[in-house]
Amino acid sequence: EVQLVESGGGSVQAGGSLRLSCVVSRFIYGSAVMGWFRQAPGKEREGVAVFYSATTYYADSVKGRFTISRDNAMMYLQMNSLKPEDTAMYYCAAASPVGSWNLRPPPQLAEFDVWGRGTQVTVSS
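Below or above, wherever it landed, is the structure these notes cover. None of these values were measured; they are calculated from a predicted model. (Residues numbered from 1 in each chain as written. Predicted model: local features only at pLDDT ≥ 70, side-chain atom pairs only at ≥ 80, totals over all residues. Heavy atoms only, no water.)

1. Examining the pairing of strand 4 (residues 34-39)
Side-chain direction in a regular strand flips from residue to residue, so the side chains alternate between the two faces of the sheet.
Here is step 1: In terms of residue burial, strand 4 counts as a mostly covered element, since 5 of its 6 residues are buried.
Here is step 2: Note that strand 4 and strand 5 (residues 46-51) share 5 bridges and pair antiparallel. By the bridge assignment for strand 5, Phe37 is matched with Gly47.
Here is step 3: Between strand 4 and strand 5, which pair antiparallel one after the other, the connecting turn spans 6 residues, and Gly42 there sits at a positive phi close to 80 degrees.
Here is step 4: Bridge count for strand 4 against strand 9 (residues 88-95) is 6 bridges, and the pairing is antiparallel. Across the sheet, residue Gly35 finds its bridge partner in strand 9, namely Ala93. (Buried < 20%, exposed > 50% of the residue type's maximum accessible area, 1.4 Å probe, protein only. Helix = DSSP H or I, 4+ residues; strand = E, 2+ residues; numbered from the N terminus. Pairing = 2+ DSSP bridges.)

If you want it as structure tokens, here you go:
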């Protein structure tokens, strides 16, 4: 019944790297739209990196530092050159496979129906 499970969070110094992993069930992995979001205390949840049918979205704040990838039933977020402002709870999420092919960036929270419970990333200065 658990369809998305994140791992790989932790505490690192600024400039360091982490790789987050998300286990994706088969029918969720069939979705054309899935990716990573984050939420810092007092801030709105925001899309970080999301696969679409024909494109990949990256938030401006992470472009050039983060890379989203997938392999079999796993989805990853490689995070390099981490900054204190990257500190947040990170979530993997997927849109419903039905109709996701016609979605386009930027990601809207309401478009994503299945969410993991999150993994904490803390970056110290």
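2. Thoughts on the environment of Trp115
Here is step 1: Its place among the elements puts Trp115 in strand 10 (residues 112-115).
Here is step 2: Residues Trp115 and Ile68, spaced 47 residues apart in sequence, show a C-alpha to C-alpha distance of 17 Å.
Here is step 3: Aside from chain neighbours lying at most four places away, what touches Trp115 is Leu4, Phe37, Arg45, Tyr91, Cys92, Ala93 and Leu109.
Here is step 4: In this structure the side chain of Trp115 is engaged in a polar contact, spanning 2.9 Å, whose partner is the backbone oxygen of Phe112. (Contact = heavy atoms within 4.5 Å. Polar contact = N/O pair within 3.5 Å; in protein donor to acceptor, adjacent residues only side chain to side chain.)

3. Considerations on the sheet that holds strand 7 (residues 66-71)
Here is step 1: One open sheet holds the 4 strands; their spatial order is 1-3-8-7, and the pairing between them is antiparallel. Of all the strands in the sheet, just strand 1 (4-7) and strand 7 have a single pairing partner and so form its edges. Strand-to-strand, the axes of this sheet are offset by a mean angle of 15 degrees, without reference to chain direction.
Here is step 2: Pairing geometry for strand 1 and strand 3 (residues 18-24), over 4 bridges, is antiparallel. What sits directly across from Val5, in strand 3, is Val23. (Axes fitted to C-alpha atoms, helices over the stretch in contact; angles between N-to-C directions.)

4. Overview of the nonpolar core
Here is step 1: If you look at the biggest cluster of nonpolar residues, it comprises 28 residues, and the most contacted ones within it are Trp36, Met75, Leu77, Met79 and Tyr90.
Here is step 2: Elements that contribute at least two residues to this core include exactly strand 3, strand 4, strand 5, strand 7, strand 8 (74-79), strand 9 and strand 11 (119-124).
Here is step 3: Aside from chain neighbours lying at most four places away, what touches Tyr90 is Glu6, Leu20, Phe37, Arg38, Val48, Phe66, Leu77, Met79, Gly118, Thr119 and Val121.
Here is step 4: Listed in part, the 7 residues of the second largest apolar core include Phe37, Val50, Tyr52 and Ala93. (Core = buried A, V, L, I, M, F, W, Y, C linked by side-chain atoms within 4.5 Å.)

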